[in-house]
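Here's the letter readout for the chains.
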Amino acid sequence: MLSKKENEKLTRVGPRTPAGEFLRRYWHPVAVAAELRDQPIKRVRLLGEDLVLYRGENGAHGLMEEKCCHRGASLAYGKIEGDNLRCPYHGWLYATSGKCVEQPAEPGNSTYKDRVRQTAYPVEKLGGLLFAYLGPEPAPLLPRYDVLARTDGERRIVVLPQLDCNWLQPMENSVDPTHNHYLHSQRTGKPVHGDREADIQKYEFEVFDYGIMKKRLAKNGNGKLEVVNQHPLVFPNMLRQHHGREHYLQYRVPVDDGHTLFYEVYFIESANGATVEPSEDPPVEYAS
């Protein structure tokens, strides 16, 4: 059991909180890239910050604070010009870096715009998702996990409804092996991990470079314990599983202290291992 102080330390994700500063050292998915093709401006909320994500006319992506630093107008109502975003109130124009590049009402020789910068964050596209980094520069490389980058199969994305819970709750639940038998099996009437679920005798946890490997062990025909199911919990907020040729990565995105958004990426290996030309925008399912 955590104390109230420990719980606060791990669950608060806003700026200048311990967990918030920790989580800002990682890339997080903020949207399906294809969503911005028809509607190039999208409101998003990540780590307690209200932001605007947009796609420029030349394909560049920008992510910046929703409220314009001039008078606080919402940039969600702005206008795309090239790869820049223009504020709908006074027309200040921002580059993807947040640099102000034009202030229509200022004198032509004014250098004021050179001293103005909207809070902005880098965005990268991978596996059909747009990832954002809200931490200090320089930004680390965006991890090219196999499910996101492999080319020997087909990829699809599932977006789950936002849950009214803290990000730590689904992460803690993922590394809890015993609830499967009592909760999920009771609901479905079937073993969660196959017919040997009822024979599980032992659970093991192995710490590795990227997180924790959760293992379930059951007796084999010789009466010895063997691993019948294992999958990693990838820190800080991912779950990785596979079933045969299907591989699966789930991101638990900390929207704010009380809400979590889930992006799932599935990758199905080709039967013969042949290289497949990856789709720029994989199929997307929005689960209800």
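Here goes a summary of the coordinates provided. None of these values were measured; they are calculated from a predicted model.

## Here's the deal with the overall build of the chain
Scanning the chain from N- to C-terminus turns up six helices and 19 strands. Principal-axis analysis of the C-alpha atoms gives the chain an extent of 85 × 50 × 35 Å. A buried classification covers 42% of the 288 residues belonging to the chain. Here the chain has roughly 15700 Å² of accessible surface; of this, 49% comes from carbon and sulfur atoms.

## Overview of the sheet that holds strand β5 (residues 79-81)
With antiparallel pairing, four strands are arranged side by side in an open sheet as β5-β6-β7-β8. With partners counted over all chains shown, the strands left at the sheet margins are β5 and β8 (100-102), one partner each. Inspection of the sheet shows strand β6 (residues 84-86) paired to strand β7 (residues 93-94) by two bridges, in the antiparallel sense. Its bridge partner lying in β7, Arg 86 is registered against Leu 93.

## Examining the pattern of salt bridges
Applying the stated rule across the entire model yields 22 salt bridges. Between Glu 35 and Lys 42 there is a salt bridge whose closest N-O contact spans 3.5 Å. The exposure class of Glu 35 is partly exposed, given its relative accessible area of 23%. In this structure Lys 42 comes out as partly exposed when scored by relative accessible area, which is 27%. Between Asp 114 and Lys 99 there is a salt bridge, and its shortest N-O distance comes to 3.8 Å. Of this pair, Asp 114 sits in the loop between β8 and β9 (120-121) while Lys 99 sits in the loop between β7 and β8, and the two are 15 residues apart along the sequence.

## Concerning the packing of aromatic side chains
What characterises a pair of aromatic rings is the spacing of the ring centres plus the angle enclosed by the ring planes. Scanning all chains against the criterion turns up six aromatic pairs. Aromatic pair Tyr 248 and Tyr 266: ring centres 4.9 Å apart, planes at 50°, arrangement tilted. Of the two residues, Tyr 248 is situated in strand β17 (residues 246-256) and Tyr 266 in strand β18 (residues 259-269); the sequence distance between them amounts to 18 residues. When its relative accessible area of 13% is taken as the criterion, Tyr 266 is described as buried. A cation over an aromatic ring shows up here: Arg 156 above the ring of Tyr 266, its NZ or CZ 4.2 Å from the ring centre.

## Observations regarding the pairing of strand β16 (residues 238-243)
Bridge count for strand β15 (residues 225-234) against β16 is two bridges, and the pairing is antiparallel. Residue pairing across strands places Leu 233 opposite Leu 239, the latter belonging to β16. Where β15 hands over to β16, the hairpin turn is made up of three residues, counted between the paired strands. Taken together, the six bridges between β16 and β17 define a ladder with antiparallel strand orientation. What sits directly across from Met 238, in β17, is Tyr 251. Connecting the antiparallel pair β16 and β17 is a turn made up of two residues, with Gly 244 showing a positive phi of about 65°.

## Topic: the side chain of Arg 155
Within the secondary structure, Arg 155 is located in strand β12 (residues 153-163). Buried and unpaired, Arg 155 has Asp 152 as its nearest opposite-charge partner, separated by 6.9 Å. A polar side-chain atom of Arg 155 sits 3.4 Å from the main-chain carbonyl oxygen of Leu 148. Separated by 2.6 Å, the side chain of Arg 155 and the backbone oxygen of Arg 150 make a polar contact.

## Focus: the environment of Arg 37
With respect to the element layout, Arg 37 can be found in helix α3 (residues 35-38). Note: C-alpha distance between Arg 37 and Ser 288 (251 residues apart in sequence) is 23 Å. Ignoring any residue separated from it by four or fewer positions in sequence, one finds Arg 37 in contact with Arg 55, Lys 125, Glu 280 and Asp 281.

Criteria and thresholds
- Residues numbered from 1 in each chain as written.
- Predicted model: local features only at pLDDT ≥ 70, side-chain atom pairs only at ≥ 80, totals over all residues.
- Heavy atoms only, no water.
- Helix = DSSP H or I, 4+ residues; strand = E, 2+ residues; numbered from the N terminus.
- Buried < 20%, exposed > 50% of the residue type's maximum accessible area, 1.4 Å probe, protein only.
- Areas by Shrake-Rupley, 256 points an atom, 1.4 Å probe, with all protein chains shown as cover.
- Pairing = 2+ DSSP bridges.
- Salt bridge = Lys/Arg side-chain N within 4 Å of Asp/Glu carboxyl O.
- Phe/Tyr/Trp six-rings, centres within 6.5 Å; stacked < 30°, edge-to-face > 60°.
- Lys NZ or Arg CZ within 6 Å of the ring centre and 35° of its normal.
- Lys, Arg positive; Asp, Glu negative; His and termini not counted.
- Polar contact = N/O pair within 3.5 Å; in protein donor to acceptor, adjacent residues only side chain to side chain.
- Contact = heavy atoms within 4.5 Å.

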